[in-house]
Amino acid sequence: MKSLDQFPRVPLGIFPTPVQKLENISRLLRTNVYVKRDDLTGLGLGGNKVRKLEFLLADARDKGAEIVFTTGGAQSNHAMLTAAAAGKLGMQAILVLKNRGVTGCVGNQLLERLMGTDVRFVDTDDYADIYAEMDRIGAELGKPYYKIPCGGSNALGTLGYVACAREIAEQGEAFDHIICAEGSGGTMAGMALGAKLFLKGTKVYGMMVDRDPFDQITPQLMKEAAALLEAPVDITPEDYHLRDMCGPGYAIPSEAGNAAVSLMAEQEGLFLDPVYTGKAFAGLLELAREGAFAERDRVLFLHSGGAGGLFAVDMQ
Ligand SMILES: *Cc1c(COP(=O)(O)O)cnc(C)c1O
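As the structure is a prediction and not an experimental result, all values here were calculated from the model.

Chemist: Before we go on, may I ask you to explain the overall build of the chain in this structure?
Modeler: When helices and strands are tallied, the chain shows 11 helices and 10 strands. On C-alpha atoms alone, the chain measures out to a radius of gyration of 19 Å, which is about the 20 Å that the 2.2 N^0.38 rule sets for 316 residues. Across the 316 residues in the chain, those meeting the buried criterion constitute 55%. Residue pairs at least 24 apart in sequence account for 79% of intrachain contacts in the chain once pairs closer than 6 positions are excluded. By element, 50% of the accessible surface of the chain is carried by carbon and sulfur atoms, the whole surface being about 13,100 Å².

Chemist: For this particular structure, what's the right way to read the packing of aromatic side chains?
Modeler: One pair of aromatic rings is described through two measures. These are the centre distance and the angle between the planes. In the structure shown here, the tally under the stated rule is five aromatic pairs. Ring geometry for Y34 and F175: centres 5.5 Å apart, planes at 70°, overall edge-to-face. Of the two residues, Y34 is situated in strand β2 (residues 32–37) and F175 in the loop between α6 (155–170) and β7 (177–182); the sequence distance between them amounts to 141 residues. For the pair formed by Y34 and F175, the shared burial category is buried. Over the face of the ring belonging to Y161 we find R51, whose NZ or CZ atom lies 5.7 Å from the ring centre.

Chemist: Mind showing me how you'd approach the side chain of D39 here?
Modeler: Following the sequence through the fold, D39 ends up in the loop between β2 and α2 (49–62). For D39, the side chain forms a polar contact with the side chain of R37, separated by 2.9 Å.

Chemist: Mind showing me how you'd approach the sheet that holds strand β1 (residues 19–21) here?
Modeler: Through backbone hydrogen bonds, the strands of a sheet pair up, either in parallel or in antiparallel fashion. The mixed open sheet is built from six strands, whose spatial order is β1-β2-β10-β7-β8-β9. Single-partner strands in this sheet number two, and they are β1 and β9 (241–244). Ignoring which end each strand starts from, the neighbouring axes of this sheet average 25° apart. In this structure, β2 lies alongside strand β10 (residues 298–303), joined through six bridges in parallel fashion. Residue pairing for β10: Y34 is matched across the bridge by L300. Lying over the sheet, α6 contacts β2, β7 and β10, oriented at roughly 125° with respect to β2.

Chemist: Honestly, the sheet that holds strand β3 (residues 67–70) in this entry has me stumped. Any pointers?
Modeler: Ordered in space as β5-β4-β3-β6, the four strands form an open sheet in which the pairing is parallel. Looking along the sheet, the strands with just one partner apiece sit at the ends: β5 (118–122) and β6 (145–147). For this sheet the average axis-to-axis angle between neighbouring strands, irrespective of direction, equals 20°. Inspection of the sheet shows strand β4 (residues 92–98) paired to β5 by five bridges, in the parallel sense. Its bridge partner lying in β5, L97 is registered against F121. Seen against the sheet, helix α5 (residues 127–141) touches β3, β4, β5 and β6 and runs at an angle of roughly 150° to β4.

Conventions and cut-offs
Residues numbered from 1 in each chain as written. Predicted model: local features only at pLDDT ≥ 70, side-chain atom pairs only at ≥ 80, totals over all residues. Heavy atoms only, no water. Helix = DSSP H or I, 4+ residues; strand = E, 2+ residues; numbered from the N terminus. Rg over C-alpha atoms; globule rule 2.2 N^0.38 Å. Buried < 20%, exposed > 50% of the residue type's maximum accessible area, 1.4 Å probe, protein only. Contact = heavy atoms within 4.5 Å. Areas by Shrake-Rupley, 256 points an atom, 1.4 Å probe, with all protein chains shown as cover. Phe/Tyr/Trp six-rings, centres within 6.5 Å; stacked < 30°, edge-to-face > 60°. Lys NZ or Arg CZ within 6 Å of the ring centre and 35° of its normal. Polar contact = N/O pair within 3.5 Å; in protein donor to acceptor, adjacent residues only side chain to side chain. Pairing = 2+ DSSP bridges. Axes fitted to C-alpha atoms, helices over the stretch in contact; angles between N-to-C directions.

Here it is in structure tokens:
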């Protein structure tokens with residue numbers, strides 16, 4: 001098996017991110033709940049995409065790219081962080097965004113305005129059309145370019161969260177359960193594969209905040225990332241646990257998610273977002289109610305960020 005350290009990586013963030021105990025939440029849920037502070041990854045307003053971009057943009061750089069394309073909705077945290085990272089590395093980001101969600105100059109759109117990012121909206125949900133548009137723009141500009149998929153969720157981006165699982169193992173504390181949000185799949189797939197490799201006995205849960213077929217996407221990304229690593233593992237359904245926390249739809253706040261955002265803010269002074277981390281934390285609360293955690297268990301919640309979009313969401 002290859003080591004993660006054999007893959008080119010650009011330093012973008014501040015790692016390791018802290019692990020903290022949530023004392024009040026732990027008392028309320030009668031178990032031991034910790035948070036992995038990937039909202040503090042150190043670029044932009046933090047968030048999970050920084051780990052993926054360390055691998056993806058190293059690949060872009062090594063391939064001589066001058067332009068980096070990516071996509072997502074109008075309030076994509078991933079797109080904003082891609083622009084932030086590309087700028088820092090001296091590459092130009094062009095965001096070809098779906099004309100969905102809050103497109104005004106608030107939240108991540110505001111941050112992109114501050115960075116002077118080239119943002120172009122396309123009126124389609126079809127990724128084939130979006131990638132064709134990137135190719136068209138790339139050809140028009142006549143410079144070498146690199147396309148990053150939605151959420152940075154391909155095999156290489158997934159390595160970012162394999163690296164996170166290794167980092168948790170190196171932090172020296174064992175966990176019985178790890179809970180993360182699943183939006184495009186790379187974070188959950190990386191964490192689940194990383195746990196299989198470095199955190200034996202830890203159950204990893206993906207709280208689905210979109211309606212894509214994650215029962216296929218998750219093992220597929222795990223297998224592809226394992227292949228990159230030449231890791232001799234068989235991926236089975238025991239390796240990942242999925243739960244539908246989408247509610248009324250992707251990027252539409254749910255009652256349970258909003259309640260979870262409020263609980264975390266009131267009890268711990270930490271801000272989750274209603275699109276990803278609030279719904280994921282609502283999933284953790286459901287598991288606790290169902291009795292999935294014993295009193296002695298140690299539960300790790302991945303705070304994957306989302307601050308950029310927080311100020312563009314109508315929570316009513
Ligand atoms: C993108 C994102 C996620 C989901 O990660 P995926 O790898 O896309 O599944 C979770 N939380 C936040 C804040 C995000 O921006």
